Amino acid sequence: MLVVILIELALPLSSESLRFDIRSGETKCISEDIRSNSMTRGTYHVINPNEDQDQPLPYSHLLSAKVTSTHGYIIQSAKGVEKGEFVFTAAEQGDYTACFTARDHSPLITLTIDFEWRTSVQFKDLVNIAKKGKVDEMELELRKMHETVNSIHDEMFYFREREEELEELTQETTTKMVCLSFVSLFLGFSVAGIQFWYLKTFFHKRKLL
């Protein structure tokens, strides 16, 4: 029971599964914040609109997919496919983006895409490890628990680092705002002083004072 609870707690931290629609000629992108050196895997496929699911997808329902890094470099790409996957290890922390583009078609049609993005412990195929290493069921469960606990531990440190970064950013922003306020006050008083001096000089010349 403990293993199940830990795994259920870990899954939301490193998984994104969704279904979305795109129309002909449109592009939709999904971003995922991935930690440095984390392994990630994404799978996608176009839902078959035919009642007979054994029939191949129409040409109009093929799409293009592209995965880019935090700096916009293309990691993997595919064109004219109905399904696919991407696997990579994040070289640095940041937002990685997967974009899907539907073919141009007239009249416009709508494609439905199933997309799942997994990272960290979810990507490790412990079942295959058990088969290859002849590990018994109890040891497999212990491995799962160990990997899950490590993943949660890493996620905690990751979120703590992000929280510290946000606190530093907030402090820097507050300091800049305070400095800007003092500068604004100084400029305001300076302009008021100059106006007062100008008016006083003007009235003296006119002998109004």
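Each remark here, short or long, concerns the structure printed above.
This one's a predicted model, so the numbers in the text were calculated from it and none came from an experiment.

*Asks:* Help me understand a negative patch on the surface in this model?
*Replies:* There is a patch of like negative charges on the surface, built from Glu 161, Glu 163, Glu 164, Glu 167, Glu 168 and Glu 172. Within the secondary structure, Glu 172 is located in helix 3 (residues 137-205).

*Asks:* I keep staring at the nonpolar core and nothing clicks. Help me out?
*Replies:* Taken as a class, soluble globular proteins show a tendency for nonpolar side chains to be buried jointly. Among the nonpolar cores identified, the biggest contains 23 residues, and Tyr 44, Leu 63, Phe 86, Phe 100, Phe 115 and Trp 117 are the most heavily contacted of them. Only strand 1 (15-23), strand 2 (27-34), strand 3 (39-46), strand 4 (63-68), strand 6 (83-89), strand 7 (94-102) and strand 8 (110-119) provide two or more residues apiece to this core.

*Asks:* Looking at this model, I keep getting lost on the state of the cysteines. Mind explaining?
*Replies:* Here, the word disulfide means a covalent bond between the sulfur atoms of two cysteines. Summed over all chains, the structure comprises one disulfide. The disulfide partner of Cys 29 is Cys 99, and the gap between their sulfur atoms is 2.0 Å. Torsion about the S-S bond of the Cys 29 and Cys 99 cystine: about 110 degrees, corresponding to right-handed handedness. One end of the pair, Cys 29, is in strand 2; the other, Cys 99, is in strand 7, and 70 residues separate them in sequence.

*Asks:* For this particular structure, what's the right way to read the pairing of strand 5 (residues 74-81)?
*Replies:* The two faces of a sheet get side chains in turn, since along a regular strand they alternate between them. The sheet contact formed by strand 4 and strand 5 spans five bridges and is antiparallel. Pairing of Leu 63 across the sheet is with Val 81, part of strand 5.

*Asks:* Would you take a moment to explain the pattern of salt bridges for this structure?
*Replies:* Where charged atoms from two side chains of opposite charge come close, those side chains can pair. Tallied over the entire structure, the rule returns five salt bridges. Of the charged contacts in the structure, one is a salt bridge between Asp 33 and Arg 162, with a shortest N-O distance of 2.4 Å. Of the two residues, Asp 33 is situated in strand 2 and Arg 162 in helix 3; the sequence distance between them amounts to 129 residues. Relative accessible area serves as the criterion here: at 33%, Asp 33 is assigned to the partly exposed category. Across the pair Arg 118 and Glu 116 runs a salt bridge, and its minimum N-O distance is 2.6 Å. By sharing partners, the salt bridges in this structure join Asp 33, Arg 162 and Glu 165 into a single network.

Calculation notes
- Residues numbered from 1 in each chain as written.
- Predicted model: local features only at pLDDT ≥ 70, side-chain atom pairs only at ≥ 80, totals over all residues.
- Heavy atoms only, no water.
- Patch = residues over 30% accessible without salt bridge, like charges linked within 9 Å, V, L, I, M, F, W, Y side chains within 5 Å.
- Areas by Shrake-Rupley, 256 points an atom, 1.4 Å probe, with all protein chains shown as cover.
- Salt bridge = Lys/Arg side-chain N within 4 Å of Asp/Glu carboxyl O.
- Lys, Arg positive; Asp, Glu negative; His and termini not counted.
- Charge placed at Lys NZ, Arg CZ, Asp CG, Glu CD.
- Helix = DSSP H or I, 4+ residues; strand = E, 2+ residues; numbered from the N terminus.
- Core = buried A, V, L, I, M, F, W, Y, C linked by side-chain atoms within 4.5 Å.
- Buried < 20%, exposed > 50% of the residue type's maximum accessible area, 1.4 Å probe, protein only.
- Disulfide = S-S within 2.5 Å.
- Pairing = 2+ DSSP bridges.

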